[in-house]
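Each chain is listed here by its residues.
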Amino acid sequence: MRCYSCSKLSFDILCKRCKSELFVPTISTRKVGTLDVISFFKYATLEPLLLTKHKPEGHRIYKALANMTMKPFMEEFAEHDDGDVYIVAIDEHVKSGYSHVALLSHAMKSRHVIPQYGALMARNRVNYSGRSLQFRLDNPRDFVYTGKKDVDVILVDDIVTTGITLQEAHKVLMQHGVNVLFALTLADVEES
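About the criteria used
Residues numbered from 1 in each chain as written. Predicted model: local features only at pLDDT ≥ 70, side-chain atom pairs only at ≥ 80, totals over all residues. Heavy atoms only, no water. Core = buried A, V, L, I, M, F, W, Y, C linked by side-chain atoms within 4.5 Å. Buried < 20%, exposed > 50% of the residue type's maximum accessible area, 1.4 Å probe, protein only. Helix = DSSP H or I, 4+ residues; strand = E, 2+ residues; numbered from the N terminus. Contact = heavy atoms within 4.5 Å. Salt bridge = Lys/Arg side-chain N within 4 Å of Asp/Glu carboxyl O.

A. Fine view of the nonpolar core. Within the largest apolar cluster, 39 residues are counted, with the highest numbers of intra-cluster contacts made by M74, I154 and L184. Elements represented by at least two residues in this core include exactly strand 2 (35-42), helix 2 (43-50), helix 3 (58-68), helix 4 (70-80), strand 3 (85-89), helix 5 (100-108), strand 7 (152-160) and strand 8 (179-188). Among the elements that line this core, the one with the most residues is helix 3, at 6 residues. Look past the residues within four positions of M74 in its chain and what remains in contact with it is V85, I87, M108, V113, I154 and L184. If you look at the next biggest cluster of nonpolar residues, it comprises 22 residues, including V37, L120, A169 and L173.

B. Inspection of the pattern of salt bridges at higher detail. Within the structure shown, the criterion is met by 8 salt bridges. One salt bridge in this structure joins D12 and K19, with 2.8 Å as the shortest N-O distance. Residue class for D12 comes out partly exposed when judged on its relative accessible area of 29%. By relative accessible area, K19 is classed as partly exposed at 25%. In the salt-bridge network here, residues are joined through shared partners; they are R30, D188 and E190.

Written out as structure tokens, the structure is:
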């Protein structure tokens, strides 16, 4: 197979050189409302990879990105936290045969890190891609939460743009007695 980024022969969808030289995480944190959002990359760094999320190769790319970023992050987090923490991904709707945010959640799974698959689903499936802030405000996701109550969670999504979706999800979780520790995303669109 060939590396998706450089087209050199590789045993993986992204070769070792691209992983170590081109796609090195640069973790950043920003506040969205009262929620801390931790991102591994600036959107521009990953844009061609992130745009594959509803294509056949997207499954392998998102899985590789999750294993490069979210998995080691959660392994480190679990070493310093003595209780269970639950993962709640935003709207694990299956499209093109898989859910890209479910792949992110699954990579984070360990003994004390427990994904709650399909626990936070949107009733409104409007596409926000390329839309204005006003459009996003006028068309909320209308989330329904069916997961555990009175637990600590980490909220997960692939991209943070305006933060409206994360704020809405955070509000719904708090209404169910869920303590959101922070949110994790692969990429942040906001430039520093």
